[in-house]
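Report on the structure
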Amino acid sequence: MKVLVAVTEVTTVDDEFEIDGLAIDDRYLGADMNEWDEYAVEEAVQLAEDGVADEVVTATVGPEEAEETIRQALAKGADRAIRVWNDDCAAADLLDVGAKTALLAGVVAREEPDLVLTGVQSGDAGFMATGVSLAADVGFQWAAVVNDLELSPEEGTADVRRELEGGVEELTTVELPAVLTIQTGINEPRYASLRGIRSAQSKELEHVTPGELGIEPATIEGALRLIGMAEPDVESEATVLEGSAEESAAELAAVLRERGVGVEG
């Protein structure tokens, strides 16, 4: 059984930053593996350790600089990695859900996995749509916001528990091959061991271009355009209460009375 995990490198931003045109100044930016994808990688590696998965492959849409992040997944136990990129990707204003779906679908067609895991969302763009869009594109069954997973390879099914709105959870079974979007908390992502870090350097990390996956440049261009960037206006204020518990309680009561809270009309 082969498991394919979509791994994204996301941009991290300092608490204080400056905007430079349509981007945040590079001085305030960093990069790391997407938080949700860390849980997806851990789930796939645990499946391999349990003897359920024979191979764990990661797929990343990103430039060469993303390889450091990709090797984090290899250090945690993934067997090999694929990075998809070319100049057309670099020139795109924004790689939207449609573009990423097409690129990942190309990897799925090439690798023919039995199970695809993605994070529920990315910590930067946060579309929350790529996993489900990918399932629709490749014709796989899917389940989103999965926080518990049990595979039955012999039966060709996955029993999943997924979060719904309002704190409701749903238990359902999907047939393989399937795409599952993984929620944080499904497991406890491991830290890469020194041995894992060393072994990651010798594991295969293959670079392929969209053209090699049969993806046309027009598909990468996408339909979304970034036309502006600005810090949101902040219109709230906070009152800090100091002193003993009794003094703070009295001050809080006074503030609430001033704002009409608890006052009978």
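This write-up is about the structure you can find in this document. (Residues numbered from 1 in each chain as written. Predicted model: local features only at pLDDT ≥ 70, side-chain atom pairs only at ≥ 80, totals over all residues. Heavy atoms only, no water.)

**Let's talk about the overall build of the chain**
When you go through the chain residue by residue, the secondary structure sums to eight helices and 13 strands. The principal-axis extent of the C-alpha atoms belonging to the chain is close to 65 × 45 × 40 Å. Buried positions account for 40% of the 265 residues belonging to the chain. If you take every contact in the chain between residues at least 6 apart in sequence, the share linking residues at least 24 apart comes to 69%. When the accessible surface of the chain is summed, it comes to about 14,900 Å², and 46% of that surface belongs to carbon and sulfur atoms. If the 17 positive side-chain charges of the chain are averaged to one point and the 58 negative ones to another, these points end up 6 Å apart. (Helix = DSSP H or I, 4+ residues; strand = E, 2+ residues; numbered from the N terminus. Buried < 20%, exposed > 50% of the residue type's maximum accessible area, 1.4 Å probe, protein only. Contact = heavy atoms within 4.5 Å. Areas by Shrake-Rupley, 256 points an atom, 1.4 Å probe, with all protein chains shown as cover. Lys, Arg positive; Asp, Glu negative; His and termini not counted. Charge placed at Lys NZ, Arg CZ, Asp CG, Glu CD.)

**Things to note about the packing of helix 4 (residues 97-111) against helix 5 (residues 130-138)**
Between helix 4 and helix 5, the shortest axis-to-axis distance is 9 Å and the interhelical angle comes to 55°. Here helix 4 is positioned oblique relative to helix 5, judged by the angle of their axes. Classified by chirality, the crossing of helix 5 by helix 4 is right-handed. Here V97, K100, T101, L104, A105 and V108 of helix 4 lie close against helix 5, whose contacting residues are T130, S133, L134, D137 and V138. Across the contact of helix 4 with helix 5, the residue classes break down as six nonpolar, three polar and two charged. (Axes fitted to C-alpha atoms, helices over the stretch in contact; angles between N-to-C directions. Parallel < 35°, antiparallel > 145°, perpendicular 65-115°, else oblique. Left-handed = near helix turned anticlockwise from the far one by under 90°. Nonpolar A, V, L, I, M, F, W, Y, C, P; charged D, E, K, R; others polar.)

**Side note on a nonpolar patch on the surface**
Judged by side-chain polarity, L241, L252, L256 and V261 come together as a nonpolar surface patch covering roughly 300 Å² of accessible area. Topologically, V261 is positioned in the segment after helix 8 (245-258). Given a relative accessible area of 48%, V261 falls into the partly exposed group. (Patch = residues over 30% accessible without salt bridge, like charges linked within 9 Å, V, L, I, M, F, W, Y side chains within 5 Å. Salt bridge = Lys/Arg side-chain N within 4 Å of Asp/Glu carboxyl O.)

**Observations regarding the pattern of salt bridges**
Taken as a whole and judged by the stated rule, the model has 13 salt bridges. Taking the shortest distance from any N to any O, the salt bridge between R190 and E42 comes out at 2.8 Å. Separated by 148 residues along the polypeptide, R190 in the loop between strand 12 (178-182) and helix 6 (194-200) and E42 in helix 1 (residues 35-49) bring together distant segments of the chain. Looking at E42, the relative accessible area reads 4%, which means it is buried. Measuring nitrogen to oxygen at the nearest pair gives 3.2 Å for the salt bridge that ties R225 to E221. Several salt bridges share partner residues, and in doing so they unite K2, E55, R80 and E111 into one network.

**Some points on the sheet that holds strand 13 (residues 205-208)**
Across the sheet, nine strands lie side by side as 11-10-9-12-8-1-6-7-13; this open sheet has mixed pairing. For this open sheet the edge positions go to strand 11 (169-175) and strand 13, each flanked by a neighbour on one side alone. Strand-to-strand twist in this sheet, taken as the mean axis angle between neighbours without regard to direction, amounts to 35°. Lying on the sheet, helix 1 is in contact with strand 1 (2-6), strand 6 (55-61), strand 8 (115-119), strand 9 (141-152) and strand 12; it crosses strand 8 at an angle near 150°. (Pairing = 2+ DSSP bridges.)

**With respect to unusual backbone geometry**
Glycine aside, residues mostly have negative phi angles, and peptide bonds mostly take the trans form. In this model, L176 is joined to P177 through a cis peptide bond whose omega is 0°. Among the structural elements, P177 can be located in the loop between strand 11 and strand 12. Backbone geometry places M128, a non-glycine residue, at a positive phi of 60°. Here M128 is to be found in the loop between strand 8 and helix 5. With phi around 55°, V145 is a residue other than glycine that occupies positive phi space.

**Quick look at the pairing of strand 12**
The buried count for strand 12 comes to five of five residues, which makes it a mostly enclosed element. Of the two faces of strand 12, both are covered, the one formed by A178, L180 and I182 as well as the one formed by V179 and T181. Both strand 8 and strand 12 contribute to a ladder of five bridges, which runs parallel. Its bridge partner being in strand 12, L117 is matched across the sheet by L180. Relative to strand 12, strand 9 runs parallel, the two being bridged by four bridges.

**With respect to the nonpolar core**
One finds V5, L115, L117, L149 and L180 to be the most contacted residues of the largest nonpolar core, which totals 34 residues. Those elements that provide at least two residues to this core are strand 1, helix 1, helix 2 (67-75), strand 8, strand 9, strand 10 (157-163) and strand 12. Looking at this core element by element, the count peaks at six residues for helix 1. Non-local contacts of L180, meaning those with residues more than four positions away in its chain, are made with L115, V116, L117, T118, A143, V146, L149, V160 and V174. With 27 residues, the next largest nonpolar core counts A6, V84, L103 and L104 among its residues. (Core = buried A, V, L, I, M, F, W, Y, C linked by side-chain atoms within 4.5 Å.)

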